[in-house]
Amino acid sequence: MPPFSSAALLRPRPFPSILPSHATGHLLRRFLPFRALSVSLSAREDPRKPAPDKNLLKAKDAVKDLPSGAASLSPGLDSGDYRKLLPNQAIGLVAAAQANFMRVIVESAGGPPENPGFLVSDWRIGRELLCVVRALLKKIKRRVLVGDKVLVGSIDWTDRRGMIEDVFKRNTEVLDPPVANVDHLLVLFSMDQPKLEPFALTRFLVEAESTGIPLTLVLNKSELVGEETISSWNERLHSWGYKPLFCSVERRSGLGALEDILKGQTTVIVGPSGVGKSSLINSLRSSQSISNEEEINNLLEHYESGKWLGEQRVGTVSKKSGRGKHTTRHVSLLPLSVGGLLADTPGFNQPSLLKVTKRTLAETFPEIRQMLKASEPEKCSFKDCLHLGEPGCVVTGDWERYPYYLQLLDEIKIREEFQLRTFGTKREGDVRYKVGDLGTKQAEPRLELKKHRRVSRKRLNQSILDELNELDDLDEGYWADIEEGAR
Ligand SMILES: Nc1nc2c(ncn2[C@@H]2O[C@H](COP(=O)(O)OP(=O)(O)OP(=O)(O)O)[C@@H](O)[C@H]2O)c(=O)[nH]1
Ligand SMILES: [Mg+2]
């Protein structure tokens, strides 16, 4: 039997847009085990290997990329770690990532050699530096994300080049799209072109809820549909537990309320391609420059960098498929004059849900959270209940998105089974902790599976020397790399 015969379950099953009542929910629950069985039987009868599923391939790749403990061997910098900066050093914010290069906006720069320190009012503040990441950081799996506060060294202030030497500790981290230090998520969909699809929206909401970061749901292109459609969606989304904002970038309506929410926060916009993420960002930024010229002048003075204040590229929606054409290709963080930052991201149609487990899925549905809260202090009769309608479970099936919950649970179970088969139950990360003689906890790298043989000390020392030489070579090749990137 192929390792993953029931993979076909991951393919989306159509659900009617007007969702069934609880009767359908119960039916679905009753027939779900049979359906799963029939799929795996038919796969067993078919000698051919099932076509690899996109989600599954993504899961396979992402499991490899899941943040392992390796980076925790050398934790990020604390703000107090650096008391002095040299003239060729600076601390800055990663505003964009493109291939091997990062655009860093300088927040504080090193003082003169006789008095090294932090200069926060200087001609260098607000400059944009094109940086590469130090090879050592890659080696210890320290990933640099957009939104990270970083220490930049080896700066050439004339050519505006530098090398990211270390990363400061993060408050939060979103992996899909990868952005650090996010305060707020803005889930953006459009009422039409592309059409608002409840299951796709649920998938995005589940992914956003799984981060634990506060979110706002915004529906754009409201001028393309009638008042009735808007009010019926409004009612529907309230029943899901959300208070959506409706806006139209084209008519410039509903943007004021949004500005108030975004003020002073670092927000990431997520949503499918073509819903108007980049258009919304451009509109929010241009409306400010018109309404408050003095503020934008201050901003220009502070952030003296063309690209950071430039407009985001906007693309048309395909007439044939009704979807966007994936115009934005990179994550970039842009400043708002009302204060705060807004990250534009490439639209993707299927969030991976890789951080959601079958145990945590329920927490990502406000409807389930509400039912569990209302039943307190009793709670569910079962610990770790998956809410499949067992007697004693307080989660009923009479709500609109229950079939979606079951469908996603189905998908996550399959992915977890796949991970278990591929990596075994013992995959806990690349780091394990040992308690030393004095009760001190020490981290050490976990040995790779099936590689138990101890490497001789001589060989180990030689390999360390080789790696250090390699790192030196990489760092030396840094200027060459930069020259090429700039071309
Ligand atoms: N009718 C209408 N069209 C809009 C509105 N807002 C944006 N658009 C159009 O929607 C299309 C897609 O806009 P983008 O801003 O590129 O969408 P995006 O979400 O950034 O797409 P990706 O970068 O591919 O993820 C463009 O043709 C915009 O002009 C709106 O309020 N109403
Ligand atoms: Mg875009």
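All values reported here derive from a predicted model rather than from experimental measurement.

I'd like a rundown of a nonpolar patch on the surface, residues and numbers included.
On the surface, Val-455, Leu-460, Ile-464 and Leu-468 cluster together into a nonpolar patch covering about 340 Å² of accessible area. Note that Leu-460 resides in helix α12 (residues 457–476).

Tell me about the pattern of salt bridges, and name the residues and values.
One pass over the full model with this rule turns up ten salt bridges. Here Arg-170 ties to Glu-173 by a salt bridge, and the two come within 2.6 Å at their closest N and O atoms. Residue classification places Glu-173 among the partly exposed positions, given a relative accessible area of 31%. In this structure, Glu-400 and Arg-236 form a salt bridge, with 2.7 Å as the shortest nitrogen-oxygen distance. Placement of the pair is Glu-400 in the loop between α10 (366–374) and α11 (402–423) and Arg-236 in helix α5 (residues 227–240), with a sequence separation of 164 residues.

Give a detailed account of the environment of Leu-186, specifying residues and quantitative values.
Here Leu-186 shows up in strand β9 (residues 184–190). Using a relative accessible area of 0% as the deciding quantity, one classes Leu-186 as buried. Excluding residues that lie within four positions of it along the chain, Leu-186 makes contacts with Thr-216, Val-218, Leu-258, Leu-262, Thr-267, Val-268, Ile-269 and Val-270.

So what about the site of ligand 1? Which residues, and what values?
Close contacts around ligand 1 come from 23 residues, with Glu-223, Ser-273, Ser-279, Thr-327 and Thr-328 the closest. Contact distances for ligand 1 include 2.7 Å between a nitrogen atom and a side-chain N or O atom of Glu-223. Here an oxygen atom of ligand 1 sits 2.8 Å away from a polar atom, N or O, in the side chain of Lys-277. Across the complex, the protein chains shield 89% of the 660 Å² of accessible surface that ligand 1 would expose by itself. No other element matches helix α7 (residues 277–291), which puts three residues into the shell around ligand 1. Among the residues forming the shell around ligand 1, the class breakdown is six nonpolar, 13 polar and four charged.

Tell me what's going on with the coordination of the magnesium ion (ligand 2), and back it up with residues and numbers.
Around a metal, the idealised angle for a tetrahedral arrangement of four donor atoms is 109.5 degrees; for an octahedral arrangement of six donor atoms it is 90 or 180 degrees. Those donors, Ser-278 (OG) and Thr-328 (OG1), are the protein atoms that reach the magnesium ion (ligand 2), and they lie 2.0 to 2.1 Å from it. Taken together, the positions of Ser-278 in helix α7 and Thr-328 in the loop between α9 (306–309) and β13 (332–335) put the pair 50 residues apart, joining distant regions of the chain. You'll find Ser-278 and Thr-328 in the same group, each marked buried.

Describe the nonpolar core, with residues and values.
Within the largest apolar cluster, 49 residues are counted, with the highest numbers of intra-cluster contacts made by Val-144, Ile-164, Val-187 and Leu-201. When neighbours within four sequence positions are excluded, Val-187 is seen to be in contact with Leu-201, Phe-204, Leu-205, Ala-208, Leu-215, Thr-216, Leu-217, Val-218 and Val-270. Formed by 22 residues, the second largest nonpolar core is a distinct cluster that contains Leu-353, Leu-386, Leu-408 and Ile-412.

The rules behind each value
- For every chain, the first residue of its written sequence is number 1, and the numbers climb from 1 along that sequence.
- Key to labels: chains lettered from A, ligands numbered from 1, both in the order written.
- The predicted origin of the model limits local features to residues at a pLDDT of at least 70 and limits the giving and counting of side-chain atom pairs to 80 or more, whereas totals for whole chains, interfaces and linings rest on all residues.
- To get the side-chain values, take all heavy atoms of the structure and skip hydrogens and water.
- Any residue with relative accessible area above 30% and no salt bridge may belong to a patch, with like charges joined within 9 Å and the nonpolar Val, Leu, Ile, Met, Phe, Trp and Tyr side chains within 5 Å.
- The Shrake-Rupley method, run with a 1.4 Å probe, gives the accessible areas here. Residue values count only the displayed protein chains as cover.
- By definition, a salt bridge exists where a carboxyl oxygen of Asp or Glu is found within 4 Å of a side-chain nitrogen of Lys or Arg.
- Elements are defined by DSSP. Helices are runs of H or I of four residues or more, strands are runs of E of two residues or more, and each kind is numbered from the N terminus.
- A 1.4 Å probe rolled over the protein chains alone gives each residue an accessible area, and that area as a share of the maximum for its type sets the label: buried under 20%, exposed over 50%, partly exposed in between.
- Contacts are assigned to residue pairs with any non-hydrogen atoms lying within 4.5 Å of each other.
- If even one non-hydrogen atom of a residue comes within 4 Å of a molecule or strand, that residue is called near it.
- Any pair of N or O atoms that falls within 3.5 Å is considered a polar contact. Within protein, one atom must be able to donate a hydrogen and the other to accept it, and sequence-neighbouring residues count only if both atoms are side-chain atoms.
- Gly is put with the polar residues, along with every residue not named as nonpolar or charged; the nonpolar set is Ala, Val, Leu, Ile, Met, Phe, Trp, Tyr, Cys and Pro, and the charged set is Asp, Glu, Lys and Arg.
- Ligating atoms shown are N, O and S within 2.8 Å of the metal, or 3.2 Å for Na, K and Ca, and water is not included, meaning a site may look less than complete.
- By convention a nonpolar core is built from buried Ala, Val, Leu, Ile, Met, Phe, Trp, Tyr and Cys residues, the set being connected through side-chain atoms within 4.5 Å.

Geometric descriptors of this kind do not, in isolation, establish any biological role.
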